[in-house]
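Structural description and commentary
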Amino acid sequence: MTANSDKATAATDHRTGPWRDPTLAPEARADALIAAMTLQEKVSQLFGVWVGASDEGAEVAPFQHDMEEAVALDDLLPHGLGQLTRPFGTAPVDPAVGALSLSRTQERVAGANRFGIPALAHEECLAGFAAWGATAYPVPLSWGATFHPELIREMAAAIGRDMRSVGVHQGLAPVLDVVRDARWGRVEETIGEDPYLVGTVATAYVRGLESAGIVATLKHFAGYSASRAGRNLAPVGMGARERADIILTPFEMAVRESGVRSVMHAYTDTDGIPSAADGPLLTGLLRDTWGFEGTVVADYFGIAFLKTLHGVAGTFGEAAGAALGAGVDVELPTVSTFGSPLTDAIAKGLVPEALVDRAVRRVLVQKAQLGLLDAEWRPVPPVLAAAAEVEGRVGGSAGGDSEGLRGTVRLDTDENRALARRVAEQAVVLLRNDGTLPLTAEAAAGAPARIALIGPNADTPTAVLGCYAFPVHVGGQHPETPLGIELPTLYAACAAEFPDSEIVTARGADIDTPDTGGFGDAVELARGADLVIVALGDRAGLFGRGTSGEGCDAENLALPGVQQQLLDALLDAGTPVVVVLLAGRPYALGRAVHEAAAIVQSFFPGEEGTRAIASVLSGRTDPSGRLPVSVPRHPGSQPSTYLAARLGHSSEVSSVDPTPAFGFGHGLTYTAFEWSDLVVERGEASTEGEFALFCTVRNTGARAGTEVVQVYLHDPVASVVQPVQRLIGYVRLDLDPGRAARVRVTVPADLASFTGRDGHRIVEPGDLELRLSASSTDTRLTARVTLTGPVRTVDHTRRLHMGVATDLLTDAPQPRAH
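Residues numbered from 1 in each chain as written. Predicted model: local features only at pLDDT ≥ 70, side-chain atom pairs only at ≥ 80, totals over all residues. Heavy atoms only, no water.

1. Digging into unusual backbone geometry
Generally, phi is negative for residues other than glycine and the peptide bonds are trans, each holding for most cases. Between K219 and H220 the backbone carries a cis peptide bond, its omega angle lying at 5°. Following the sequence through the fold, H220 ends up in strand 6 (residues 215-221). Cis geometry is found at the peptide bond from Q638 to P639, where omega equals 0°. Here P639 lies in the loop between strand 17 (631-632) and strand 18 (660-662). One non-glycine residue, F147, lies in the positive phi region at around 50°. Tracing the backbone through its elements, the reader meets F147 in the loop between helix 6 (140-146) and helix 7 (149-165). Take F147: its relative accessible area is 2%, and that puts it in the buried class. Phi is positive for D677, close to 55°, though the residue is something other than glycine. (Helix = DSSP H or I, 4+ residues; strand = E, 2+ residues; numbered from the N terminus. Buried < 20%, exposed > 50% of the residue type's maximum accessible area, 1.4 Å probe, protein only.)

2. As for the side chain of T489
Structurally, T489 is set in the loop between helix 19 (470-473) and helix 20 (490-497). A polar side-chain atom of T489 sits 3.1 Å from the main-chain amide nitrogen of A492. For T489, the contacting residues outside a window of four places in its chain are A458, D459, T460, P461 and T610. (Polar contact = N/O pair within 3.5 Å; in protein donor to acceptor, adjacent residues only side chain to side chain. Contact = heavy atoms within 4.5 Å.)

3. A closer look at the layout of surface pockets
With a probe scaled to a water molecule rolled over the atoms, the places where space remains empty come into view. The volume enclosed by the largest pocket comes to roughly 980 Å³. Lining of the largest pocket is provided by 43 residues; of these, R180, E242, I246, L643 and P723 occupy positions nearest its centre. Within the residue set of the lining of the largest pocket, elements represented by two or more residues are helix 8 (195-211), helix 9 (240-247), helix 10 (249-257) and strand 23 (726-735). In terms of residue count, helix 9 provides more of the lining of the largest pocket than any other element does, 4 residues in total. Residue composition of the lining of the largest pocket, grouped by class: 20 nonpolar, 10 polar and 13 charged. (1 Å grid on protein atoms, 1.4 Å probe; cavity = no way out; pocket = protein on both sides within 12 Å on 5 of 7 lines; lining within 4 Å. Points joined across faces, edges and corners; volume = space filled by probe spheres on them. Nonpolar A, V, L, I, M, F, W, Y, C, P; charged D, E, K, R; others polar.)

4. What about the sheet that holds strand 10 (residues 295-297)?
If you trace the 8 strands from one edge of the open sheet to the other, you get 2-1-3-4-5-6-7-10, paired in mixed fashion. Only two strands of the sheet have a single neighbouring strand rather than two, namely strand 2 (61-62) and strand 10. In the sheet, strand 6 pairs with strand 7 (residues 262-265) via 3 bridges, with the strands oriented parallel. Residue pairing for strand 7: F221 is matched across the bridge by H265. Together, strand 6, strand 7 and strand 10 form the strand contacts of helix 11 (residues 279-289), whose direction differs from that of strand 10 by roughly 150°. (Pairing = 2+ DSSP bridges. Axes fitted to C-alpha atoms, helices over the stretch in contact; angles between N-to-C directions.)

5. Structural notes on the nonpolar core
Membership of the largest hydrophobic core comes to 225 residues, with the highest contact counts inside it found for F129, Y205, F221, L570, V579 and L617. Of all hydrophobic cores here, the second largest spans 32 residues; its members include L735, V747, A774 and M802. (Core = buried A, V, L, I, M, F, W, Y, C linked by side-chain atoms within 4.5 Å.)

6. A short note on the pattern of salt bridges
According to the stated counting rule, one finds 45 salt bridges in the structure shown. Among the ionic pairs, D374 bridges to R29, the shortest N-O distance being 2.7 Å. Pair noted here: D374 is in the loop between helix 15 (353-369) and helix 16 (382-385) and R29 is in helix 2 (residues 26-36), with a separation of 345 residues, a long-range link. Among the residues examined, D374 registers a relative accessible area of 18% and is labelled buried. The partner of E497 in a salt bridge is R620, and the shortest N-O contact between them spans 2.8 Å. Taken together, the residues span a long stretch of sequence, with E497 in helix 20 and R620 in the loop between helix 24 (609-618) and strand 17 at a distance of 123 residues. Through salt bridges that share partners, D412, R417, R421, E425, E486, E607, E608 and R611 make up one connected network. (Salt bridge = Lys/Arg side-chain N within 4 Å of Asp/Glu carboxyl O.)

7. Some thoughts on helix 22 (residues 563-572)
Summarising burial for helix 22: 7 of the 10 residues are buried, a large majority. Those residues of helix 22 that sit buried are Q563, Q564, L566, L567, A569, L570 and L571. Contact partners of the buried residues in helix 22: strand 12 (450-454), helix 21 (519-527), strand 14 (531-537), strand 15 (577-583) and helix 23 (592-595). Just past helix 22, the residue G574 takes up positive phi, approximately 95°.

8. What about the packing of aromatic side chains?
Where two aromatic rings form a pair, the distance of their centres and the angle of their planes describe that pair. Tallying each qualifying case throughout the model produces 16 aromatic pairs. For the pair W50 and F301, a centre-to-centre distance of 6.5 Å together with 35° between the ring planes defines the contact as tilted. Pair noted here: W50 is in strand 1 (residues 48-52) and F301 is in the loop between strand 10 and helix 12 (305-308), with a separation of 251 residues, a long-range link. F301 shares its class with W50; the two are buried. Ring geometry for F147 versus F664: centroids 6.0 Å apart, planes at 50°, classification tilted. Of this pair, F147 sits in the loop between helix 6 and helix 7 while F664 sits in the loop between strand 18 and strand 19 (673-682); the two residues are 517 residues apart in sequence, bridging distant segments of the chain. Note on accessibility: F147 and F664 belong to one class, buried. The structure contains a cluster of three or more aromatic residues connected by ring pairs, namely F147, Y196, Y642, F664, Y712 and Y730. (Phe/Tyr/Trp six-rings, centres within 6.5 Å; stacked < 30°, edge-to-face > 60°.)

Just geometry here; none of it tells us what the structure is for.
Next up, the structure:
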C-alpha cells in the first residue's frame, strides 16, 4: 500500500484544514491540500467532464459525443472533479432551471470527494454567453471593426456578469489569432488581421470578463490561424519572425496587461511541433519569460490528437505525458488521456508525478481564488440565492420544484440589448457611397417610395449570428426549441426604419446553392423600385454546415453560391443598388466595388445587428466602423493581408494582384474630415527614446461623425525584411460639425522593434516614417523621423503603446512646437 493510500484510508475528516482558510494565500492553501491528496485525487482535478444541464432541474448528465464514450460520474466523483464542461451550452435549458441543475450537481461533486471540492464550470462566450436565451452580441470581427476597446470591455463585463450569475466560472474567449488567410472558416471568431488591433481589443475583452469574476481564456496559443491554404487544423508553415512579431504579439500584450488567468493551446503544429507538446512555447515563453501564472487548458480533444492526428505519441499515456510535460494543466472537454492512461504511465515510471503536482497546484490555486475551497462555499449561484426556499430546492429531486423557477432568470435584458446595439452600430463599416446614403426615413424628406429588399439574408433571422452563437451552435440541432431571443430580420428592421416607404422583398437566391431560378422575380422587383437593397453574405455553421464558421473554409473569396451573379443581375437592372453584407469574412464583390450606389459591410452583428444596419442606412446613426480585415479585389488573391513585405504587393512579375478593393482600416462616414498642421515636435531620438508629433483633425461637414486616426510605422531599411507598414496605435475622435481636435502622439522607439537575425528583438538606428492615416491605404500626413545610437536589444518588458493626448479645439488654432 502506498503512502497516499494510507493517507486516504486513515482520513476521517478532510473537510476542514488550512486549505479552507480564506485568510491564507491561495498558494499555501493549494500546497496544504496537495500534501493530503492521493495521486488519483490530484489527477482528478486535471480534467473535465462534458455535461448538459437538465431542463427539469435534475443533476447534469454526461454528454455523449462522437469523439469519446460517455463517462460514468459515479466512478469519477469519489476522487473529485476538475471541471464541468458546458452545462448551459450543450442543449437548450431554461437559465434558472439550468442554474438549479448545476447547483445540484455541484453539491453532488463536492459531497462525493473527501475534501468537499466543487468543480469549475466553463462555457463558451465568443459572441456572448453561449446559453439559451442569452444575449447574442456581435462576433469578434465586429469588435475589431469598432476600433473601440473600452466599448468591448464594457460588453465583456456584461457577458461575464451573466455567466457568473448562474454559476459559471470560466469563459473560453477571446480568440487572439491574427488573420493570415481569410479563407479560413474561423475568421469570424478573430478580431482582425493586425496584431496590435487584436491585442488591444482582446486585452480589453479580458479585462471586462475578469472584472466580473470570470476566468478568461486566451486562445488559440499559438498559430492556429496561419494554417496552410486557410484549412482548419492544417499544418502551419511559418518562420520564427512571423510567429514572434505577428502571431505571438497579441498574446504577449494580453498576458502582460489584462490579468488573464487561463490560456488554451492551439490544435495545430508549427514546423512539426504540435502546440500541445511545445514546452518552449507553453512553459519557456508563456511562463518563464512572460510570467503567466494561470492554467493552460487543452483545446477540446487536443491532447488525444497528439496520438490520433499528429502522430508524435504512440499511446494516450505518452500523449498525456507529452502535454503535461510541455505545460498543459487541464484536459478538456472530458477525461481521456489524463485518466487511466496518465496514472498507468506514472505507475510505470514513464511520467514523473511531479508534473501532476505542478499542474494540480495551478488548478487548486485558481479554485482558491474563485472561492471554491472556502469553508463558506455554497453551490447556490447568485440568481438563485434570493429565491425563496432555494436551499431546499438544491438538495431536492427533479420534481415540480423547478417549475416555479422557469422563466425567472432573464439573460437578455434591455440593458444587454442596448449594449449589443451600440457595439453593432459602431461596427458597421461603410465601404462605398456615391451619395445615395444616408436615406431619409420620412416621405416628406424624400425617402424612397418603393424599396426592393432582395437577397438570401434579407428576411432570415439568424443571418446576424456567428457560428458560436447559441441558436446556431446548439439550437440548430434542436429545431423544435424556440430561438430564445428576438432576432429581427433586415426586412423587419427596414420596415420599422422607413415607415413611409413600401418595401417589397424577394430571396433571389440561396446562400450557397447553384439555383438561379429566383433571379427573374428579383430583377423584376428591382426594376420597379426606387432603390434596391441587396442583403448577401454567409450562413454560419459548424464543419461544413455553413459557409462561415469552424470547419467551413472557403476555396476562394468569391461570394458563396450564385450571390455574385445575383448582384450583377441587380446592377444591370438600372436601379441604384445598396449592397449590405452580413458575413463572417470579407468577400470580393466584383463590379459592385465601382458600380454599387453604396456598400455596407457588417460581420455577423448579433441580435441588434439589423436595427443597427437600418439606422446607418437612414442616417440616424453615423457609420463609424473601420475594416479589421482587408476586402479583396479578386477572389483568388489569398493569402494576403496588409501586413505584407514589398514582395507581397502587386508587381510586374506576377499575374496575381493582391491589392485590396478596400484596405485594412478603411471606413467612410457621412461627413468629411480635414487633417492638417502636422508638427514634428521631436523628430530625432535615440534607440531608447521617443518621438513626439501632433496634428489637427477637423470635421468640415454638416454632420457629427467619428474619425479614427491610425498611426502606421514604415521602416524603409532594416536588417530583416519588414512589412511595408504596420499599425502601432490608433485613436477614435467623435467630432461635431466644425469642431476640431489636436491629437498629440508620443511614439517610443520600442514600437520600431522587430525580431532580428539572431532571434532577439531589436531596435535599429535609421530613418523611419510615421504615417498618420485614415486607413492602411489612405495616408493623410507623414512624419519622417530618425533613430540614432547603437542597436538596442529589448524584451517582453518593452513599451507596447504610443502615448495619445487629444484636446478639443474651439477655433483650431495653428499648433506650434514646444
